Amino acid sequence: DPRIDANHCGGCDNRCPSGQSCVAGACRLVCPAGQTECGGACRDTQSNSAHCGRCDSACPSGQLCDRGTCRLTCAEGLTACGSACVNTTTDTGHCGGCSRACAVPSNAAATCAAGACGFRCNTGFGDCDMSATNGCEVTLDTSLAHCGRCGRACNPADATRACAAGVCAVA
């Protein structure tokens, strides 16, 4: 039958090349299980970065094909979060994992150390009640109870108390 005979595919003198079979009267490449014919060659579209997921679907530079999907490849110690490689132990936008942003308390800057969120008070402010919920709640330059640093009260004897630029003074 010339529709399926590789020695006479589609006609008497039409022999299919090695590695091809006669399918419906035409010589066709027959790929092993798990591979797809792409441009005359068998390709694994689950791991081939030039044919990722389907024929002629190349991954962008810096990405590899993993299970038919292009994925960002990151240097050791970095994690692929969306389209960027980040250090989840120090990145405040991805602290401890992708898309885990650290909150920014009032009068402070968010920090990320060893994958755990924290904060650092802005200059002139202090977290004197040690509560992250209200951030750095004290203005150290003018606070009578926390003048210049948490816990330092301005209590001069027989004088009016004052705190100016973080230093206790007598008014």
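**Some remarks on the overall build of the protein chain**
Phase 1: Helix and strand content of the protein chain: zero helices and 14 strands.
Phase 2: Along the protein chain, from the amino end to the carboxyl end, the secondary structure elements read β-β-β-β-β-β-β-β-β-β-β-β-β-β.
Phase 3: The globule rule puts the C-alpha radius of gyration for 171 residues at 16 Å, and the 34 Å found for the protein chain is more than 25% above it.
Phase 4: Overall, the C-alpha framework of the protein chain stretches about 120 × 20 × 20 Å when taken along its three principal axes.
Phase 5: Here the protein chain holds 171 residues, and the buried ones make up 21% of them.
Phase 6: Contacts in the protein chain between residues far apart in sequence, at least 24 positions, make up 6% of those at least 6 positions apart.
Phase 7: Just so you have it, the protein chain exposes about 10400 Å², and 50% of that area is on carbon and sulfur atoms.

**Observations regarding the pattern of salt bridges**
Phase 1: Going through the model one piece at a time under the given rule, you end up with two salt bridges.
Phase 2: R67 is the partner of D66 in a salt bridge, and the nearest nitrogen-oxygen pair spans 2.9 Å.
Phase 3: Classification of D66 as partly exposed rests on a relative accessible area of 28%.
Phase 4: Here D66 ties to R71 by a salt bridge, and the two come within 3.0 Å at their closest N and O atoms.
Phase 5: The structure contains a network of salt bridges with shared partners spanning D66, R67 and R71.

**Describing the state of the cysteines**
Phase 1: Within this structure, the stated rule accounts for 14 disulfides.
Phase 2: There is a disulfide in this structure between C59 and C70, and the S-S distance comes to 2.1 Å. On the sign convention where negative means left-handed, the S-S torsion of about -90 degrees between C59 and C70 marks this disulfide as left-handed. Here C59 is found in the loop between β4 (41-43) and β5 (63-66), whereas its partner C70 is found in strand β6 (residues 69-72), with eleven residues between them in sequence.
Phase 3: For C59, a relative accessible area of 13% puts it in the buried group.
Phase 4: The exposure class assigned to C70 is partly exposed, which follows from its relative accessible area of 26%.
Phase 5: The partner cysteine of C102 in its disulfide is C117, sulfur to sulfur 2.1 Å.

**Quick notes on unusual backbone geometry**
Phase 1: You will see that N107, though not glycine, has its phi angle at about 60 degrees, which is positive.
Phase 2: Summarising the element assignment, N107 is placed in the loop between β8 (84-86) and β9 (108-113).
Phase 3: Residue A114 is not a glycine yet carries a positive backbone phi of 55 degrees.
Phase 4: By relative accessible area, which is 76% here, A114 ends up exposed.

**Observations regarding the pairing of strand β14 (residues 167-170)**
Phase 1: As defined by bridge partners, strand β13 (residues 161-164) adjoins β14 across four bridges and the pair is classed as antiparallel. Across the sheet, residue A162 finds its bridge partner in β14, namely A169.

**Brief notes about the pairing of β5**
Phase 1: In this structure, β5 lies alongside β6, joined through four bridges in antiparallel fashion. When the bridges of β6 are listed, L64 appears paired with R71.
Phase 2: In this structure, the hairpin formed by β5 and β6 is closed by a connection of two residues, where R67 is found at a positive phi of approximately 55 degrees.

Quick notes on the rules
- Residues numbered from 1 in each chain as written.
- Predicted model: local features only at pLDDT ≥ 70, side-chain atom pairs only at ≥ 80, totals over all residues.
- Heavy atoms only, no water.
- Helix = DSSP H or I, 4+ residues; strand = E, 2+ residues; numbered from the N terminus.
- Rg over C-alpha atoms; globule rule 2.2 N^0.38 Å.
- Buried < 20%, exposed > 50% of the residue type's maximum accessible area, 1.4 Å probe, protein only.
- Contact = heavy atoms within 4.5 Å.
- Areas by Shrake-Rupley, 256 points an atom, 1.4 Å probe, with all protein chains shown as cover.
- Salt bridge = Lys/Arg side-chain N within 4 Å of Asp/Glu carboxyl O.
- Disulfide = S-S within 2.5 Å.
- Pairing = 2+ DSSP bridges.

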